[in-house]
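# Working through the structure, step by step
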Amino acid sequence: MSEIRIAAEPRNEFGKGAARRARRAGLVPGVVYGHGHAPVHLNLPGHDLMMALKTPNALLVVPIDGKDEFVLPKAVQREAIKRSIEHVDLLLVKRGEKVTVEIPVHTEGELAPGGNLVEHVLNALPIEAEATHLPESVTVSIEGLEAGASITAGDIALPKGVALAVEADAVVLQIIGAQTAPVEEEAEEAAAEETTEA
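None of the values given here were measured: they were computed from a predicted structure.

Now for the side chain of E69. Note on placement: E69 falls in strand 6 (residues 67–78). At 3.4 Å, the side chain of E69 forms a polar contact with the side chain of K94. Among residues more than four places away in sequence, those in contact with E69 are L60, V61, V62, I64, L92 and K94.

Another point: the environment of V76. Relative to the helices and strands, V76 resides in strand 6. As a C-alpha pair, V76 and L53 span 23 residues in sequence and 9.2 Å in three-dimensional space.

All right, on to the pairing of strand 5 (residues 59–64) then. Counting buried positions along strand 5 yields five of six residues, so the element is predominantly enclosed. Pairing geometry for strand 1 (residues 3–5) and strand 5, over three bridges, is parallel. Looking at strand 5, one finds that E3 is bridged to L59. Pairing of strand 5 with strand 6, which is carried by five bridges, proceeds in the antiparallel orientation. Directly across from P63, in strand 6, lies its bridge partner D68. The hairpin formed by strand 5 and strand 6 contains two residues between the paired strands, and D65 there has a positive phi angle of roughly 50°.

About the criteria used
Residues numbered from 1 in each chain as written. Predicted model: local features only at pLDDT ≥ 70, side-chain atom pairs only at ≥ 80, totals over all residues. Heavy atoms only, no water. Helix = DSSP H or I, 4+ residues; strand = E, 2+ residues; numbered from the N terminus. Polar contact = N/O pair within 3.5 Å; in protein donor to acceptor, adjacent residues only side chain to side chain. Contact = heavy atoms within 4.5 Å. Buried < 20%, exposed > 50% of the residue type's maximum accessible area, 1.4 Å probe, protein only. Pairing = 2+ DSSP bridges.

See below:
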């Protein structure tokens with residue numbers, strides 16, 4: 001994963017008024033913590049941060065006390081309607097340090113014929129890897145799978161240096177059968193039941 005440099009600046013004003021002023025100026029308030037370091041309050045350029053966070057577990061480089069530091073986004077607060085970033089919590093990490101994160105699971109291939117569906121039991125796969133070498137995602141083949149089949153965490157091939165942070169037998173994906181009863185039939189059955197009860 002490549003590093004994304006963000007030109008953050010120290011934040012000296014606090015409270016809702018200061019946060020609103022920062023957002024009007026196109027900045028996002030944030031806090032950096034970790035490694036026993038006192039929390040560092042920053043304002044980050046909103047557009048640059050939004051683009052960086054399109055990459056899952058983006059490794060950011062921000063200036064702290066005149067020195068470039070690696071940080072990972074840990075919590076992102078978004079505005080409910082516009083989905084703009086309101087605040088971000090960043091975790092300070094070091095090169096070579098192992099961290100636990102969740103990565104998206106993508107699928108490839110076609111299921112066996114029959115209108116079956118893929119259900120994501122886990123929305124993301126918990127893994128442990130070096131902070132500066134986090135995979136963006138993993139891809140799993142569902143080619144030819146039929147209803148009742150499942151893929152566990154242990155079935156997923158991980159890049160070198162990446163370990164599972166969940167039980168190997170945890171189900172990640174499962175294939176569920178297509179609904180066989182048409183909606184009309186279900187409605188007729190329900191109406192018949194009501195008539196019987198009456």
